[in-house]
Amino acid sequence: MASNKPAPEAPSPFTADGLGGPERTWEEWNPTAESIRPVRGKHRVAKQRGLARSSTVLGVGVIAAVGAGGMATAQSKPPVSISLPDSIADNLPDAKSLPGVGSLMSDEAEAAPVTAAPLTTAGITTAEADQGTTDAGEALRARILQQAEQQQASADAEAKAAEEKAAAEQAAADAKKQQDEAEAAVKAKIAAEKKAAEEAAAKKAEEERLAKLRASYTLPVSSYTLTSTYGQSGAMWSSGQHTGLDFAGAAGSPLKAVHSGTITAAGWSGSYGYRTVLQLEDGTEIWYAHQSSIDVSVGQQVSTGETIGRMGATGNVTGVHLHLEVRTAGGSAMDPTAWLNSKGLPV
């Protein structure tokens, strides 16, 4: 920092040896461009050294304050005292008498308290300064806390978003599962209803078929009691098993043609006694045995329900009854009960 050249013709208050001399008067100094040019010399160097030392102290103070815990302010640093030799201090002029300086000072200014100012405002943003923030360390701390809060809020938001996404996916999966179950239930219900409808239709069709059969088929007797069934074992039968179905009833009761057909045999047949054979259109043969009399002849065409003979006890018998046999076109015996049931004729 350069010093200004002394005003011309102003007597110096100091002697050559620096010990002071007789008091001299001061004249007003009006600085000019010529008078304020930098001067190289002893006074400038001394002041530069003093300023350099002050700058060094200031820099070291700032670095130490930052390293210790943040940006330091003048409030945390004690004032530095500066002392001068008495011989110099006693001869310094009053600051108010200096040209251009005294007008800047007043009693109010001297009486005003010296307020602590921040050592530096480095790191304080304009927005923070507008809000009245003067402590750079506090500003830095506030920004760090704000950043941490923002990061935490961001992490919380991400976690919440992940939870909401997982919940949405789970809800979608549950909804799809429920939809699939509902669709499966509907399909099962439809299938069950279809099956029930098919079964009902089949049952109805069977009933209609049996009704038609009943119209064209009939039982061989009107009043009876079953005494022996097909396949029953016993010594009274030459084969060891009963080959027909026995209807016990009153002697002379009419025996009816179970269906329309042709008489292929009518007469005595050994252990069967008087027997009549009725052959149906499909080749099935119906045997009527143990008759007391025969009312038809071979080759005769008969209709359903027409009388072909009378119940009796001829042949190998123990009482009055009709021995009814049902045989295939090839001559094999079958269960008369099952055959009659298939024609809609329960027994």
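Residues numbered from 1 in each chain as written. Predicted model: local features only at pLDDT ≥ 70, side-chain atom pairs only at ≥ 80, totals over all residues. Heavy atoms only, no water.

> Can you break down the overall build of the protein chain residue by residue, with the values?
The number of helices and strands found in the protein chain is six helices and ten strands. Here the protein chain holds 347 residues, and the buried ones make up 21% of them. For the protein chain, long-range pairs separated by at least 24 residues make up 57% of all intrachain contacts whose partners lie at least 6 apart in sequence. Here the protein chain has roughly 23,100 Å² of accessible surface; of this, 56% comes from carbon and sulfur atoms. (Helix = DSSP H or I, 4+ residues; strand = E, 2+ residues; numbered from the N terminus. Buried < 20%, exposed > 50% of the residue type's maximum accessible area, 1.4 Å probe, protein only. Contact = heavy atoms within 4.5 Å. Areas by Shrake-Rupley, 256 points an atom, 1.4 Å probe, with all protein chains shown as cover.)

> Now, about the pattern of salt bridges: what can you tell me, with residues and values included?
In this structure the tally under the stated criterion is five salt bridges. Residues Arg141 and Glu138 are paired through a salt bridge, measuring 4.0 Å at the closest nitrogen-oxygen approach. With Arg141 and Glu138 both in helix α5 (residues 136–216) and three residues apart, the pair spans about one turn of that helix. The residue Asp180 makes a salt bridge to Lys176 at a minimum N-O spacing of 3.1 Å. Of this pair, Asp180 and Lys176 both sit in helix α5, four residues apart, roughly one helical turn. (Salt bridge = Lys/Arg side-chain N within 4 Å of Asp/Glu carboxyl O.)

> If you had to explain unusual backbone geometry to someone new, which residues and values would you point to?
Despite not being glycine, His290 shows a phi value in the positive range, around 65 degrees. Summarising the element assignment, His290 is placed in strand β6 (residues 285–294). Exposure remark for His290: the relative accessible area of 5% places this residue in the buried category.

> Go over the pairing of strand β9 (residues 321–327) with me, naming the residues and quoting the values.
Within β9, seven of the seven residues are buried, which leaves it mostly tucked inside the rest of the structure. Burial of the side chains of β9 extends over both faces: His321, His323, Glu325 and Arg327 are buried on one face and Leu322, Leu324 and Val326 on the other. By the bridge criterion, four bridges tie strand β2 (residues 245–248) to β9 in an arrangement that is antiparallel. Of the residues in β9, the one forming a bridge with Asp246 is His323. For β6 and β9, the ladder comprises five bridges, and the chain directions are antiparallel. Paired with Ile286 across the bridge in β9 is Val326. Bridge analysis of β9 against strand β10 (residues 333–334) gives two bridges, and the strand direction is antiparallel. Residue pairing for β10: Arg327 is matched across the bridge by Ala333. What sits between β9 and β10 in their antiparallel hairpin is a turn of five residues, with Gly331 showing a positive phi close to 100 degrees. (Pairing = 2+ DSSP bridges.)

> Which residues make up the packing of aromatic side chains, and what values do they have?
For the structure on display, the rule yields four aromatic pairs. Taking the centre distance of 5.0 Å and the plane angle of 80 degrees together, the rings of Tyr224 and Phe247 count as edge-to-face. Taken together, the residues span a long stretch of sequence, with Tyr224 in the loop between α5 and β1 (225–228) and Phe247 in strand β2 at a distance of 23 residues. Assessed through its relative accessible area of 0%, Phe247 is described here as buried. Taking 5.6 Å as the distance between ring centres and 85 degrees as the angle between the ring planes, the aromatic pair formed by Tyr272 and Trp287 counts as edge-to-face. (Phe/Tyr/Trp six-rings, centres within 6.5 Å; stacked < 30°, edge-to-face > 60°.)

> Any chance you could break down the nonpolar core for me, citing the residues and the numbers?
Leu278, Ile286, Tyr288 and Trp339 are the most contacted members of the largest nonpolar core, which totals 25 residues. Of all the secondary-structure elements, those providing two or more residues to this core are α5, β2, β5 (274–280), β6, β8 (307–311), β9 and α6 (336–342). (Core = buried A, V, L, I, M, F, W, Y, C linked by side-chain atoms within 4.5 Å.)

> An account of the confidence of the model for the protein chain is requested, with residue identities and associated values reported.
Looking at the protein chain, pLDDT values average 77 and 61% of them are 70 or higher. Segment residues 50–54: pLDDT under 50, and one contact once partners within four positions in sequence are set aside and those in other chains are kept. A low-confidence stretch, residues 70–74 stays under pLDDT 50, and its non-local contacts, those more than four residues away or across chains, total 17 contacts. (pLDDT = per-residue confidence, 0-100.)

> Now, about the side chain of Thr314: what can you tell me, with residues and values included?
Mapped onto the fold, Thr314 is located in the loop between β8 and β9. Among the polar contacts made by the side chain of Thr314, one reaches the main-chain amide nitrogen of Tyr274 at a distance of 3.1 Å. Among the polar contacts listed, one links the side chain of Thr314 to the backbone oxygen of Gln291, at a separation of 2.9 Å. If sequence neighbours within four positions are ignored, Thr314 has contacts with Trp268, Tyr272, Gly273, Tyr274, His290, Gln291 and Ser292. (Polar contact = N/O pair within 3.5 Å; in protein donor to acceptor, adjacent residues only side chain to side chain.)

> Residues and numbers for the environment of Gly312, please.
For Gly312, the position within the fold is in the loop between β8 and β9. Look at Gly312 and you get buried, because its relative accessible area is 3%. Setting aside chain neighbours within four positions, we find Gly312 in contact with His290, Gln291, Ser292, Gly319, Val320 and His321.

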